[in-house]
2 protein chains.
Amino acid sequence: MTGSDFDRDTAVEPAGPGHYTGTVTDRWSALAGGPNGGYLLGICLRALRAEIPDSHPDPLVVSGYFLRPGTVGPAELDTEVIRTGRRIATGEARLSQDSRCAVLAVANFTDLGALRGRTTVLGEPPKLPPPEHCLDLTGGQSLPGLTIVDRYQYRFPERPGWTVGRPSREPRMEFWMRFSDGRDADPLSLAPMVDAAAPAVLELGEFSSSTVELTVHVRARPAPGWLACRVVTRYVIDGYHEEDFEIWDSAGALVAQGRQLAILLSEPPGT
Amino acid sequence: MTGSDFDRDTAVEPAGPGHYTGTVTDRWSALAGGPNGGYLLGICLRALRAEIPDSHPDPLVVSGYFLRPGTVGPAELDTEVIRTGRRIATGEARLSQDSRCAVLAVANFTDLGALRGRTTVLGEPPKLPPPEHCLDLTGGQSLPGLTIVDRYQYRFPERPGWTVGRPSREPRMEFWMRFSDGRDADPLSLAPMVDAAAPAVLELGEFSSSTVELTVHVRARPAPGWLACRVVTRYVIDGYHEEDFEIWDSAGALVAQGRQLAILLSEPPGT
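Anyway, here's the lowdown on the structure attached to this text. (Residues numbered from 1 in each chain as written. Chains lettered and ligands numbered in written order. Predicted model: local features only at pLDDT ≥ 70, side-chain atom pairs only at ≥ 80, totals over all residues. Heavy atoms only, no water.)

Residues and elements named next belong to chain B. Of note, Asp7 is situated in helix H1 (residues 5-9). Its relative accessible area of 9% is what places Asp7 among the buried residues. Side chain to side chain, Asp7 and Arg183 meet in a polar contact 2.8 Å long. (Helix = DSSP H or I, 4+ residues; strand = E, 2+ residues; numbered from the N terminus. Buried < 20%, exposed > 50% of the residue type's maximum accessible area, 1.4 Å probe, protein only. Polar contact = N/O pair within 3.5 Å; in protein donor to acceptor, adjacent residues only side chain to side chain.)

Structure follows, in structure tokens:
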């Protein structure tokens, strides 16, 4: 464990074969008031990673199914490694509170540094001015109840319409992002990060949305530094919407692709 | 059960609490020679659906993790319903052969007919001539080993470059698709269908690829008739690539969004 916020707040303790305990802190809470789903997924990954052989250190694909809202307090993690193959190891982790499963996470792991094969990149990273020429929307101030904003820094090329009551009607944003404490992203932390920014549907005038399911492909180990992010929603259907999230590292490489299905919050979270 | 190919070949028989048996047939095999991953996922969904209350009849999100190639022959299905909420029920199913897990499927179910909420669609369905003015690439002939082509019909607006040895270098295709036997698609069969067409990377001159993980969002119940499909790959990195798959129904509604991570096959399948 390092001294970083993320590493400390996702730490788990062994408590029997495949079983761990952890603590959901109040330091990663999102607009709907509860702990951010990506943060809970991070705790699941820490537990599952502890069971996976060190020959497969990096998450490759991670899926989180969010069954109930998480709450601040103790959590139980139950893991199972289902197969360890030559290239890929696959398992699942369940985060439970009060004996009820809140998050079901499935993930496979590989050695991203050992991948060899064709590379053909047909998309472009976000075109952003350098972070120091971009806007810090909060001016470094905390926002009541929105503690996740203290854990990450965001830099926008211009003030998004939704922040000033004029949603653009184009649910697409590009911005920089990194951990506030200077910890560089690694493959494990990329999965939580695709759920850690303001949803693109805010630009449709929506208040908020709650993640039903989130899948992330980790495509490479990120270079140190700021991450360039692009978030897009194209289809809101009967109150549900997808959100696609790309993360590009400071060297211009795509390092994560996330897609989630979320439900617009016209009523409190919970399914 | 109906008399359709899909319903017959994905049927499962109860064999104890949460446990089912099924048969992987040789009628849905793909280019790499083995049973198509989407087909195996369909068997998983049939077993899990049998455990989910009828109040939640439709898959909403489905994830399949492919741990080993499937083989033609008997299969065991182990299911677990983890939570049944008011709106959404979530569970998992594992397909094993010779006591080894080949597919881990997680899915949640809802009543798609009961969804209410905002609809804002910012994408367009594929612009295709009517199916009867499109090309049947096989001319109704079977292809050796590629039995899945007998189960589905595909209609292309023009002959894709990869079929005549001139890949377009643009890994994107649009085409019509339906079951050959006239069965209309339903929400459960949309999940297998996003894995049932030729991969877009064939237009990059690749031979084939093997699905590592596949997630599908079912966005609506499909209207009867032909389905308009769009498949796109943008990022091939170190031999892995994502593939995005949209299915639009005959009424012009988006009914499924799939994304998979797959590995290019320069060697035989298996991880």
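Having seen the structure, we can now continue with the description.
What follows concerns the interface of chain A and chain B. How big an interface is tends to be stated in terms of accessible area lost as the parts join. Listed per partner, the contact involves 66 residues of chain A and 66 residues of chain B. In this assembly, chain A packs against chain B so that about 6100 Å² is buried in total across both faces, 53% of it on carbon and sulfur atoms. Where Glu246 of chain A meets Arg234 of chain B, a salt bridge forms, and the shortest distance between an N and an O atom there is 3.0 Å. For the pair chain A and chain B, the interface holds 35 residue pairs in polar contact (both at pLDDT 80 or more). Take the side of chain A that touches chain B: its biggest share by element is eight residues, from strand E14 (residues 254-264) of chain A. Among the residues forming the side of chain A that touches chain B, the class breakdown is 26 nonpolar, 18 polar and 22 charged. (Contact = heavy atoms within 4.5 Å. Buried area = accessible area lost by both parts, 1.4 Å probe. Salt bridge = Lys/Arg side-chain N within 4 Å of Asp/Glu carboxyl O. Nonpolar A, V, L, I, M, F, W, Y, C, P; charged D, E, K, R; others polar.)

Once that is clear, we can look at the nonpolar core. Among the nonpolar cores identified, the biggest contains 142 residues, and Phe175 and Ile247 of chain A together with Phe175 and Ile247 of chain B are the most heavily contacted of them. Once you skip the residues sitting within four places of it in the chain, Ile247 of chain B turns out to touch Leu190, Met193, Val194, Leu227, Ala228, Cys229, Ala253, Leu254, Val255 and Ala256 of chain B. (Core = buried A, V, L, I, M, F, W, Y, C linked by side-chain atoms within 4.5 Å.)

Attention now moves to the relation of the copies chain A and chain B. Superposing chain A onto chain B takes a rotation of 180° combined with a translation of 0.0 Å along the rotation axis, leaving an RMSD of 0.0 Å. Considering both components of the superposition, the chain copies are consistent with a two-fold axis. Both copies contact each other with a shared surface, as 100% of the interface residues of chain A are interface residues in chain B too. (Least-squares fit on C-alpha atoms with pLDDT ≥ 70 in both.)

Residues and elements named next belong to chain B. Direction of pairing for strand E2 (residues 19-24) relative to strand E4 (residues 73-84): antiparallel, over a ladder of six bridges. Note on E4: the bridge partner recorded for Thr21 is Glu76. Here eight bridges tie E4 to strand E5 (residues 89-97), and the two strands are oriented antiparallel to one another. When the bridges of E5 are listed, Val81 appears paired with Gly91. Connecting the antiparallel pair E4 and E5 is a turn made up of four residues. (Pairing = 2+ DSSP bridges.)

As a further point, take the pattern of salt bridges. This structure, assessed with the given rule, holds 43 salt bridges over all chains. Here Asp7 of chain B and Arg183 of chain B are joined by a salt bridge, their closest N and O atoms 2.8 Å apart. On the criterion of sequence distance, the pair formed by Asp7 of chain B in helix H1 and Arg183 of chain B in the loop between strand E9 (172-179) and helix H4 (187-193) is long-range, its members being 176 residues apart. There is no split in this pair, since Asp7 of chain B and Arg183 of chain B are both buried. In this structure, a network of salt bridges that share partners links the residues Glu80, Glu92 and Arg94 of chain A together with Glu80, Glu92 and Arg94 of chain B.

Here the focus is helix H2 (residues 37-51) of chain A. Residue and element names in this part refer to chain A. Under the 1.5 Å per step criterion, the end-to-end length of H2 is 22 Å for 15 residues, consistent within 8% with the ideal 21 Å. In terms of burial, H2 is a largely internal element, twelve of the 15 residues being buried. Within H2 the residues assigned to the buried category are Gly37, Gly38, Tyr39, Leu40, Leu41, Gly42, Ile43, Cys44, Leu45, Ala47, Leu48 and Arg49. (Expected span 1.5 Å × (residues − 1).)

Time to look at the packing of aromatic side chains. Residues and elements named next belong to chain A. Evaluated as defined, the whole model comprises 20 aromatic pairs over all chains. The interplanar angle of 75° and the centroid separation of 6.0 Å between the aromatic rings of Phe6 and Trp28 together place this pair among those described as edge-to-face. In this pair, Phe6 is assigned in helix H1 (residues 5-9) and Trp28 in the loop between strand E2 (19-24) and H2, connecting sequence segments 22 residues apart. Taking the relative accessible area as the measure of exposure, Phe6 reaches 1% and is therefore buried. An angle of 80° between the planes, with centres 6.1 Å apart, marks the rings of Phe175 and Phe245 as edge-to-face. With Phe175 in strand E9 (residues 172-179) and Phe245 in strand E13 (residues 240-248), this pair connects stretches of sequence that are 70 residues apart. Judged by relative accessible area, Phe175 falls into the buried class, the value being 1%. (Phe/Tyr/Trp six-rings, centres within 6.5 Å; stacked < 30°, edge-to-face > 60°.)

With that out of the way, let us pick up the environment of Ala223 of chain B. Positionally, Ala223 of chain B belongs in the loop between strand E10 (209-218) and strand E11 (227-232). Residues Ala223 of chain B and Ala196 of chain B, 27 residues apart in the sequence, show an inter-C-alpha distance of 19 Å.

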